Amino acid sequence: MNMQGEATLRLLDKADKEILKLPRDVKGAIYDFQHKFRKSPANPGLQFKQLKGHPRLYSARVNQEYRALLLHAGEADYILVAVKHRKDVYDNLDRFAYQINPVTGGIEFVDLVSIEERVRHEPPATEEPTPLFASYGAEQLLGLGVAEPLLGLIAKITTEDELLGLAEYAPQLTTEVLFGLHAGKSVDEILDQVTAPVTAPEPVDAEDYQAALARPATQVTTDDTALQEVLEESFGRWRVFLHPTQRKVVERDYSGPARISGGPGTGKTIVALHRVRYLVDRLGPGDDRAVLLTTFNKNLAADLERRLIELAGTEVARRVEIVNIDRLATRIVAEAEPGGRHRWIDDTRALQEWEELLLEQGETRWDGEFLHAEWSHVILGQAINSRAAYFRARRAGRGRPISREDRAAIWQLVERYVKRLDEKELWTFRQVAERAARLEIERARERASYEADQVSSVKLQRESGIWHRPRYRHVVVDEAQDLSSAHWKMLRAMVPEGQNDIFLAGDTHQRIYGNYVSLGSLGVNIRGRSSKLTLSYRTTHEILGAALGLLGTEDWDDLDDGHDDLLGYRSVLHGARPVLRPAPTWEAELDAVVEQVKEWDDVAPAAIAICVPERRMVAEVESRLGKAGIAAAAIGQDGPRLYDAIHVGTMHRFKGLEYQRMMLVGVAEGLVPSRHVSQYRETDPLRHRRELQRARSLLFVAATRARDTLVISWHGQKSRFLP
């Protein structure tokens, strides 16, 4: 081995989890060390030397107390696999095991002693329980990609807690295989769903570490910036590692629309952003924005733009249109109808207009909420523009059945309502989406006609080319469960059907806006092109378990008339169990909020969030914290008013955000779910169930924003959703 000259140094995935637990001064020393090592491994101060009995494993001095463990991949390439106290490096060298996985071809490293300590297997005084994986032979597990050095430990595991302890530091594929088997999947299912997507396409040489280093299965950082993000626990760290399962989804060519699903923190947004970069990289030269990246929420759209620039740089971002779906629809309508004077109103104002109309008409058969939802989701959602079409319309998820006579009366009320809004020069975002969908559908028809006719006049072709060119070559949608039927019709018309046309990421368990769609009926056929992510990288096992309990036993759709679930959804992160805390009154609960925040003085204010069920409560929490001398800022449509403060907002506002420590307050019956939901129990049972399900989704979304610590409190009677 030649130690002269410069070297490359990469950080192996999983090593980062141990490094993040080290003292801050050691992290700083690691960053200094990697600069010195890259410049010259032969630097005497590094004390670089091979470990006895390990032909590829070396140690180097980080500081007086800590040593880096480095795996030599050949030539001048090294991989940082661990940083440990010096007393843990030179004693019991048999604890360290490494290999090239014969299935994936990726490099794996394990510290058997550390993993065994995490498993903490203690035989009970009574009869030894049956190990979890007793029915699977070593050859079966190895064939699925399980790391061979761990077979002995795996054979001893008897509880899920022991499995989680092993998974925290085990190689990623080993973790996913064991979780899948424990969840009840067959060996064939694991082979097809977990192992096959990450299997190396060529025969694997168990000694060729240079080839292994180049494979996607070897998850390593590639530069100083990436390592610094790990050491600083920067939010940019999300982009350092892309799991091979995620990479397969990102880099696959699809014959039509494709979907990725998964619970909170599984990396759906990361996959969507990498997918955007992958599509842009294959566009070829040009200046057009040929890729659309969209989502429902305006805050999330801004966040996606920031993240894409961090991930791929401004050159890639320049080829991408990043905009929230309603703003896109608004622009389409404004382009087609310049000079319009309509003002846009939100659902609260729209509902108020409905109630005033019903009062004027003396109408009592339906309430304003029912009619607003019927108009928004069924009529506008399906771009219905005639009474006859309304008579034929599907009303999936609408609950209360209505007769033909009812539809005639409702249509008449809708016509009066639309006329009322026109006279006041008002427009709802649902109307804009429906109008934009119609405009894009017409544009697509004209494009198809133009392409079929191939007009002979070169001049006419040149003048018509821009109008008849597809708006986008690829569309990527994040938080897809929140879009309405009209949105999907618009998107479907914006991009020609074909290879890699639409890619969507979403989770119906997080649907908080009540949009129920059947993608197949809207021309977005995802059948046979769906993938699921099951491992959470954000939320601890303890918080995740509590959050899943909040969902109850409801049935969840898959956006395409099928069933969706979170089977196998797991986290390998550990932390404290969520705290459930009652209070006699709202005032007492506010006092408890102040005390809790004071106890959390060891983290930055911006790492803490307070979530409430109603808008009025935001100001009350903010005011109470302010009186206690604690800086707090409400989260508005454009995000928090201040960054360096505790963030306070309603459950809707926390969509897409994450915090180290979080309090959900006011989780009381009558607030979660809202008191008004009970009015539908007898008159509209399906609507009642849908409203309860949406309330569960909101609570689930809020709870899973917490990374490490979650406190849930209430005053009076606790919510029926809480255990």
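What you see as residue numbers is a count from 1 along each chain, following the sequence as written. Confidence filtering applies because this is a predicted model: local features only for residues at pLDDT of at least 70, side-chain atom pairs given and counted only at 80 or more, and all residues used for totals across whole chains, interfaces and linings. Side-chain metrics in this entry use all non-hydrogen atoms of the structure; hydrogen atoms and water are not considered.

Q: Looking at this structure, I do not really get the confidence of the model for the chain. What am I missing?
A: Atomic detail in the predicted coordinates should be set aside for any region of low pLDDT. Per-residue confidence from the predictor is reported as pLDDT, a score between 0 and 100. Per-residue pLDDT for the chain has a mean of 87; in total, 93% of the residues score no lower than 70. Averaged over each element, pLDDT in the chain is lowest for helix α21 (residues 458-468) (49) and highest for strand β13 (residues 474-477) (98). Secondary structure elements follow DSSP: runs of H or I of four or more residues count as helices, runs of E of two or more count as strands, with numbering from the N terminus.

Q: Mind showing me how you'd approach the pattern of salt bridges here?
A: When their charged atoms lie close together, side chains carrying opposite charge are able to pair. One side-chain nitrogen of Lys or Arg within 4 Å of one carboxyl oxygen of Asp or Glu is enough to make a salt bridge. Taken as a whole and assessed by the stated rule, the structure comprises 44 salt bridges. Residue R259 is joined to D564 by a salt bridge in which the shortest nitrogen-to-oxygen separation is 3.5 Å. Here R259 is found in strand β8 (residues 258-262), whereas its partner D564 is found in strand β18 (residues 563-564), with 305 residues between them in sequence. The exposure class assigned to R259 is buried, which follows from its relative accessible area of 6%. Whether a residue is buried, partly exposed or exposed follows from its accessible area with a 1.4 Å probe, protein chains only, as a fraction of its type maximum: under 20%, in between, or over 50%, in that order. Residue D564 is classed as buried on the basis of its relative accessible area of 5%. Between E363 and R365 there is a salt bridge whose closest N-O contact spans 3.0 Å. Linked by salt bridges that have partners in common, R349, E353, E356, E360, R420 and K424 make up one network.

Q: Would you mind going over the pairing of strand β5 (residues 77-85) with me for this structure?
A: Looking along a regular strand, one sees side chains alternate from face to face of the sheet. Counting buried positions over the 9 residues of β5 gives 8, a clear majority of the element. Both strand β1 (residues 8-11) and β5 contribute to a ladder of 4 bridges, which runs parallel. Directly across from T8, in β5, lies its bridge partner D77. Bridge analysis of strand β4 (residues 66-74) against β5 gives 8 bridges, and the strand direction is antiparallel. Following the sheet pairing, G74 is matched in β5 by D77. Pairing between strands is defined by DSSP: at least two bridges between them are needed. Here β4 folds back onto β5 in antiparallel fashion, the turn holding 2 residues, of which E75 has a positive phi close to 55 degrees.

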